Amino acid sequence: MKTVAQVIGAKQTQGIVTIAPEDSVFDALKLMAAKNVGALPVADASGRLVGIVSERDYARKMVLQGRSSFVTPVSAIMTTKVVTVEPRQSIRECMEIMTDKHLRHLPVLDQGRTVGLLSIGDVVKETMAEQDSLIQQLEQYIRGE
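Residues numbered from 1 in each chain as written. Predicted model: local features only at pLDDT ≥ 70, side-chain atom pairs only at ≥ 80, totals over all residues. Heavy atoms only, no water.

Asks: I'm lost on the side chain of T114 in this one. Help?
Replies: Locating T114 in the fold gives a position in strand β4 (residues 113-119). Dropping the residues within four chain positions of it, T114 is found in contact with I16, P41, L49, V108 and L109. (Helix = DSSP H or I, 4+ residues; strand = E, 2+ residues; numbered from the N terminus. Contact = heavy atoms within 4.5 Å.)

Shown next, in the form of structure tokens:
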């Protein structure tokens, strides 16, 4: 099975997109929509990961509580206890983490620096590709090819 580094390396054409904790939730939503992502790593001025903000955070901590996304900073709704993975970890390990902890996104840290964001979609896509390859190999084996 592929590693996190292989998957994020194949999907990223630009650098990792982050948002600052002092930016408004509205700005985070605009950025998520523009980049077609469901979550953003939150980084301080030095680039250190300090949280993650997701569409789920918005729905639960903004909409349901009647807050304004124009004046509320990202830091007010972001998740601060961020579960992360490293580039060397396998996609299977990530799937287990995501399943056990009910997560949809995992920031990828390499020596403390954010280098990517792995989504549940990335994990499912890679798992399906691996299973398809295995099925094809088994069919070829059965046919004697």
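Asks: Sorry if this is basic, but what is going on with helix α2 (residues 25-35) here?
Replies: For an α-helix, 3.6 residues make a turn, and residues three or four places apart therefore share a direction. Restricting attention to buried positions, one finds in α2 the residues V25, A28 and M32. The buried residues of α2 all sit within an arc of 55° when viewed along its axis, so they share a single face. In α2, the exposed positions that point more than 90 degrees away from the buried face belong to A33 and A34. Its buried side turned inward, α2 meets β1 (39-43), β2 (49-54) and α3 (55-61). Within two residues after α2, N36 carries a phi angle of roughly 55°, on the positive side. (Buried < 20%, exposed > 50% of the residue type's maximum accessible area, 1.4 Å probe, protein only. Arc of directions from axis to C-beta.)

Asks: Just checking my understanding: could you explain helix α4 (residues 91-101) for this structure?
Replies: I91, C94, I97 and M98 are the residues of α4 that are buried. In an axial view of α4, the angular spread of the buried residues amounts to 115°, which keeps them on one side of the axis. Exposed residues pointing more than 90 degrees away from the buried face of α4 are listed as R92, T99 and D100. Turning to α4, the residues buried within the fold contact α1 (4-11), β3 (105-110), β4 and α5 (120-143). Phi turns positive one or two residues past the end of α4, at H102, with a value near 55°.

Asks: When you look at the pattern of salt bridges in this model, what are you seeing that I'm missing?
Replies: Opposite charge on two side chains permits them to pair, given that their charged atoms come into close proximity. According to the stated counting rule, one finds seven salt bridges in the structure shown. Between E145 and R143 there is a salt bridge, and its shortest N-O distance comes to 2.8 Å. When its relative accessible area of 63% is taken as the criterion, E145 is described as exposed. For R143, a relative accessible area of 51% gives the class exposed. (Salt bridge = Lys/Arg side-chain N within 4 Å of Asp/Glu carboxyl O.)

Asks: Would you mind showing me how to read the environment of P107 here?
Replies: Tracing the backbone through its elements, the reader meets P107 in strand β3. Residues P107 and S24, spaced 83 residues apart in sequence, show a C-alpha to C-alpha distance of 21 Å. In this structure P107 touches L49, I52, V82, V83, T84, V85, G116 and L117, once residues within four positions along its chain are discounted.

Asks: It is not clear to me how the pairing of β4 should be interpreted in this structure. Could you clarify?
Replies: Put simply, side chains in a regular strand alternate between the two faces of the sheet. Counting buried positions along β4 yields six of seven residues, so the element is predominantly enclosed. In this structure, β3 lies alongside β4, joined through six bridges in antiparallel fashion. If you follow V108 over to β4, its bridge partner there is G116. What sits between the antiparallel neighbours β3 and β4 is a turn of two residues, in which Q111 has the positive phi angle 55°. (Pairing = 2+ DSSP bridges.)

Asks: Please clarify how unusual backbone geometry should be interpreted in this entry.
Replies: When glycine is set aside, most residues are seen to have a negative phi, and most peptide bonds are trans. The backbone of N36 sits at a positive phi, close to 55°, despite the residue not being glycine. By the secondary structure assignment, N36 is in the loop between α2 and β1. For N36, a relative accessible area of 71% translates into the label exposed. Here the phi dihedral of H102 falls at roughly 55°; this positive angle occurs in a residue that is not glycine. Tracing the chain through its elements places H102 in the loop between α4 and β3.

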